[in-house]
Each structure stands twice: as C-alpha cells, then as structure tokens.
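# Remarks on the overall topology
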Amino acid sequence: MTFLYILLTIYICAVNFASFMLVKHQHEEWEEGAEAPRRSDGTIMLAAFLGGAAAVYITMFCLRYRLSNLLLMILMPVLAALNCYCFYLGFRGIYLFW
C-alpha cells in the first residue's frame, strides 16, 4: 500500500515539473521572438488534464505569460481543483481495490 502512495506522489511531482518546464520553455521561445511557438495550447491543456494544472497556473502568473488568454485563466483553476480532488481520492484509497 505504501508503494502505491509513493508511486502516486512521484507521478504528481513529475507531471507538475513537466508542466512547469513546458510553460517555461514556451515563455523563453516567446521572449526570443519566435513567430510560432513549437508547443501549442493543446500540449499545455494535456499536461493540465494529466495533473499539472496547478503548476501551469502558478507558472503563468510568476512569468506573467499568457495572462490575457481567457480560456487558460478560467480552465486552469477549475482543473487544478479537480486534480486536487482526484489526488485526494487517490491518497484516500478509493481507487485501490484490495
């Protein structure tokens, strides 16, 4: 049982770190003057759906990047709350069948 909690913790940390790096890399490309970013909003949305919504939202505010995008500003806090609830259920043991 403890092993599964460790795996869930590692998953949460890895997805949030990857989401942070994704937004940071896109911001750096934008600062360099790239006309079209190599990673689109779809990649950021996928990372948020997988559990990194909190990292995406916090990183966007820290870097002051894409704050005018209304979809990201509304969707990320909602997804962050949903992610937190799912992680709570995972740590509580709802999804463990033994």
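Notes on the structure follow. (Residues numbered from 1 in each chain as written. Predicted model: local features only at pLDDT ≥ 70, side-chain atom pairs only at ≥ 80, totals over all residues. Heavy atoms only, no water.)

## Examining a nonpolar patch on the surface
Together, Tyr11, Leu46 and Leu50 give the surface a local cluster of nonpolar side chains, amounting to about 290 Å² of exposed area. On the secondary structure map, tyrosine 11 appears in helix α1 (residues 2-32). (Patch = residues over 30% accessible without salt bridge, like charges linked within 9 Å, V, L, I, M, F, W, Y side chains within 5 Å. Areas by Shrake-Rupley, 256 points an atom, 1.4 Å probe, with all protein chains shown as cover. Salt bridge = Lys/Arg side-chain N within 4 Å of Asp/Glu carboxyl O. Helix = DSSP H or I, 4+ residues; strand = E, 2+ residues; numbered from the N terminus.)

## Some words on unusual backbone geometry
For arginine 64, which is not a glycine, the phi torsion comes out positive at approximately 50°. You can see arginine 64 is positioned in the loop between α2 (41-63) and α3 (70-92). Not every positive phi belongs to a glycine, and arginine 66 is a case in point at roughly 65°. Turning to its location among the elements, arginine 66 is positioned in the loop between α2 and α3.

## Concerning the packing of aromatic side chains
As enumerated under the stated definition, the model contains three aromatic pairs in all. Judged by centre distance (5.6 Å) and plane angle (50°), the ring pair of tryptophan 30 and tyrosine 65 falls under tilted. Taken together, the positions of tryptophan 30 in helix α1 and tyrosine 65 in the loop between α2 and α3 put the pair 35 residues apart, joining distant regions of the chain. The class of tryptophan 30 is exposed, set by a relative accessible area of 52%. Looking at tyrosine 65, the relative accessible area reads 6%, which means it is buried. Ring geometry for tyrosine 57 versus phenylalanine 61: centroids 5.0 Å apart, planes at 85°, classification edge-to-face. In this pair, tyrosine 57 and phenylalanine 61 are both assigned in helix α2, four residues apart and thus about one turn of the helix distant. On the basis of relative accessible area, tyrosine 57 is assigned to the partly exposed category, the value being 24%. (Phe/Tyr/Trp six-rings, centres within 6.5 Å; stacked < 30°, edge-to-face > 60°. Buried < 20%, exposed > 50% of the residue type's maximum accessible area, 1.4 Å probe, protein only.)

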